[in-house]
Structures are given as structure tokens and as C-alpha cells.
Amino acid sequence: MPSGFNRLPGPLSKAVGDLLFEIMDAKSLTQRAVAEAAGMSEAQYSRAVRGLKVFSLEQLDAVCSAVDESISDVIREAENRTGRGGVAAAAPPISLSDRRANVSGGGEDEPDIPENVLEEWAGRYAAHPDDGEPEDHTP
């Protein structure tokens, strides 16, 4: 890559910036505090969060740590907002805390597993006729 080359931020970078701004606002964090905790200048952080520059992977990881969020959750939510995560772009955004609350499934004791998945698992992990132990029939 030639020296001085600056990549222009795309929709994903802008969505990450918007999401980080929302997280900062929700947690009453200042740009200065987040930038300092991430080891960045406030100006550098401000340009990235406004979608004017692209975060490096290391910077994004440091910023996510500074706001106490998982980098994978931030990227996944940004992808969802841009329509890259398999979810329609027009779908309302889901907060990261709501996403975490829904991980356990439908019931208190057992997750809500669709019937077709249970049937598939039953076929794949049927008991072996000789010893009664489950056998993996995955192709």
C-alpha cells in the first residue's frame, strides 16, 4: 500500500461510529475519557467515531474495551444496521443488552429449540444399536 494512502470510511465504519457514540451517550462517557482509556488522542477518536476515518482493528478493540463492550458484539450490531449481517437494514436496531438477555432462550430451565432442529439432532445423534451410546451421523 503506498505511503499516505487513506481509506475512506464505508457504511460499516460509519455504523460502528454511530453505535459507539450511542454506547458512550447511554453510559454517560465523554469522548475524552474513552479516547484516553483507548490510548488515542481525542481528535483521532472523534474523527473515527464521526465516520471521517477508519478505526484500525487495534484501535477498535481498545475503544470497545474502554466502553466495556465486546468488539464482536459491536461489529455484529453494526453489520446488522447496514444490512450486512443477514438482517434487513430497515429492521429496528437491537440494543446489545437486549441481545445478551435473549441468549438463554425461551424457558427458564431449557432453551426454546425449534421442533425441526430437535428432529435433526435426533437423527444425527441416535443411539448406536450395539452399545446405546450416541453416534454422530454428521456427513
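Read on for an overview of the structure. (Residues numbered from 1 in each chain as written. Predicted model: local features only at pLDDT ≥ 70, side-chain atom pairs only at ≥ 80, totals over all residues. Heavy atoms only, no water.)

Comments concerning the nonpolar core
Reasoning step 1: Membership of the largest hydrophobic core comes to 20 residues, with the highest contact counts inside it found for Val16, Leu20, Tyr45, Phe55, Val63 and Val74.
Reasoning step 2: The set of elements that each furnish at least two residues to this core consists of helix 1 (11-26), helix 2 (31-38), helix 3 (42-49), helix 4 (57-66) and helix 5 (71-82).
Reasoning step 3: Look past the residues within four positions of valine 63 in its chain and what remains in contact with it is Leu20, Val34, Ala38, Met40, Tyr45 and Phe55. (Core = buried A, V, L, I, M, F, W, Y, C linked by side-chain atoms within 4.5 Å. Buried < 20%, exposed > 50% of the residue type's maximum accessible area, 1.4 Å probe, protein only. Helix = DSSP H or I, 4+ residues; strand = E, 2+ residues; numbered from the N terminus. Contact = heavy atoms within 4.5 Å.)

Concerning helix 4
Reasoning step 1: Considered for burial, the residues of helix 4 that qualify are Gln59, Leu60, Val63 and Cys64. Down the axis of helix 4, the smallest arc covering the buried residues is 135°, so these residues share one side. Relative to its buried face, helix 4 has exposed residues pointing more than 90 degrees away, namely Leu57, Glu58 and Ser65.
Reasoning step 2: Packed against the buried residues of helix 4 are helix 1, helix 2, helix 3 and helix 5.
Reasoning step 3: Immediately beyond the C-terminal end of helix 4, within one or two residues, lies aspartate 68, with a positive phi of roughly 60°. (Arc of directions from axis to C-beta.)

Regarding helix 5
Reasoning step 1: End to end, helix 5 covers 17 Å across 12 residues, agreeing with the expected 16 Å (1.5 Å per residue, within 8%).
Reasoning step 2: If you check which residues of helix 5 are buried, you get Asp73, Val74, Glu77, Ala78 and Asn80. The buried residues of helix 5 occupy an angular sector of 160° when projected down its axis, which confines them to one face.
Reasoning step 3: The positive-phi residue at the C-terminal boundary of helix 5 is glycine 83, with phi of around 85°. (Expected span 1.5 Å × (residues − 1).)

Let's talk about the layout of surface pockets
Reasoning step 1: Looking at the largest pocket, its volume works out to about 210 Å³.
Reasoning step 2: What lines the largest pocket is a set of 14 residues, among which Leu12, Ser13, Val16, Val54 and Leu60 lie closest to the centre.
Reasoning step 3: In terms of residue count, the dominant contributor to the lining of the largest pocket is helix 1 (4 residues).
Reasoning step 4: A breakdown of the residues in the lining of the largest pocket according to their chemical character gives 9 nonpolar, 3 polar and 2 charged. (1 Å grid on protein atoms, 1.4 Å probe; cavity = no way out; pocket = protein on both sides within 12 Å on 5 of 7 lines; lining within 4 Å. Points joined across faces, edges and corners; volume = space filled by probe spheres on them. Nonpolar A, V, L, I, M, F, W, Y, C, P; charged D, E, K, R; others polar.)

Section: the packing of helix 1 against helix 5
When two helices pack together, their arrangement is given by the angle between the helix axes and the distance between those axes.
Reasoning step 1: Two numbers describe how helix 1 lies on helix 5: the axes approach to 9 Å, and their chain directions differ by 120°. Taken together, the axes of helix 1 and helix 5 lie oblique to each other. When you trace helix 1 past helix 5, the crossing you get is right-handed. Together, Pro11, Leu12, Ala15, Val16, Leu19, Leu20, Glu22 and Ile23 of helix 1 and Val74, Ile75, Glu77, Ala78, Glu79, Arg81 and Thr82 of helix 5 make up the contact between the two elements. (Axes fitted to C-alpha atoms, helices over the stretch in contact; angles between N-to-C directions. Parallel < 35°, antiparallel > 145°, perpendicular 65-115°, else oblique. Left-handed = near helix turned anticlockwise from the far one by under 90°.)

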